[in-house]
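# Per-entry structural report
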Amino acid sequence: SAYRFALPGSAIECAMVPIPAGSFLMGSSDAEKNRKPDEGPQRNISISAFWMGAVEVTRDQFDVFYKDAATSENSAVDAVTRPSAQYVDLSWGMGKEGGYPVNSMSQFAALMYCRWLYNKTGIFYRLPTEAEWEYACRAGTSTRYYFGNDESQLDKYAWYEDNSNNKFQKTGSKLPNAWGLYDMLGNVSEWTLDHYDAKRLENLADNTANPVVAPNKSKYPKTLRGGGYKYA
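As a starting point, this report considers the structure included with it. For clarity, every value in this text was computed on a predicted model and none was experimentally measured.

## Comments concerning the environment of Ser23
Along the chain, the position of Ser23 falls in strand β3 (residues 22-26). For the pair Ser23 and Ala209, spaced 186 residues apart in sequence, the C-alpha separation works out to 8.7 Å.

## Looking at the side chain of Ser28
Here Ser28 lies in the loop between β3 and β4 (43-47). Separated by 3.5 Å, the side chains of Ser28 and Glu32 make a polar contact. Those residues within four positions of Ser28 in sequence are excluded, and the remaining contacts are Arg35, Glu39, Gly40 and Gln42.

## Section: the sheet that holds strand β1 (residues 3-6)
One open sheet holds the three strands; their spatial order is β1-β2-β5, and the pairing between them is antiparallel. Each having just a single partner strand, β1 and β5 (50-53) make up the two edges of the open sheet. Averaged over all pairs of adjacent strands, the angle between their axes in this sheet comes to 35°, without regard to strand direction. The sheet contact formed by strand β2 (residues 13-19) and β5 spans four bridges and is antiparallel. Across the sheet, Ile19 pairs through a bridge with Phe50, a residue of β5.

## Some thoughts on helix α1 (residues 59-66)
Across the eight residues that make up α1, a large majority, eight, are buried. Buried within α1 we find Arg59, Asp60, Gln61, Phe62, Asp63, Val64, Phe65 and Tyr66. In this fold, the buried residues of α1 make contact with β2 and α2 (107-121).

Reading the values: rules and limits
Residues numbered from 1 in each chain as written. Predicted model: local features only at pLDDT ≥ 70, side-chain atom pairs only at ≥ 80, totals over all residues. Heavy atoms only, no water. Helix = DSSP H or I, 4+ residues; strand = E, 2+ residues; numbered from the N terminus. Polar contact = N/O pair within 3.5 Å; in protein donor to acceptor, adjacent residues only side chain to side chain. Contact = heavy atoms within 4.5 Å. Pairing = 2+ DSSP bridges. Axes fitted to C-alpha atoms, helices over the stretch in contact; angles between N-to-C directions. Buried < 20%, exposed > 50% of the residue type's maximum accessible area, 1.4 Å probe, protein only.

In structure tokens:
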């Protein structure tokens, strides 16, 4: 069952949701509206059980890591362990404390937050793979959206171009999917573990278990999922 834990050194809680093992069709049908070339062909993929945060990581949560005096910004042992101070406010006045999602970070910064959590708790945390993210987002459905095919219902589940007022919003303020995950569509995009490959599904064998595109020699691009408040 779902559980909550307090971030070490604070009273701020994180909620984790169990994602059951299973299989699904990854990618979009070539008949789907607005489908892009890198969204297919569909592949049958199996996923092991894992845990996922119920909401996007908030600024409040990330700041516990960022302001941890025991975490060096420039450690001689393991190089950069937390992000450098921002030269400008990259929340652009949209919101910080009180449940707004943390934004404008690199994948590396997100990975370092996960590592900090592991070092503090002894429990291993990481970013989800792209396949895990899509599996969790779909939550056992095969429809266009995890709530069905009716686009008019999107307003109930996501902050996007038509309802966001061009700003990201507090996490968890829309309806969740069937597995209790919020803001999987819209609001801010989420980093995954994968390196981006435009032919990722084309090169992926059917019936693969727990696939991931490992980093290569180039630093970028990495794979983002979930859309955002600016997108239709």
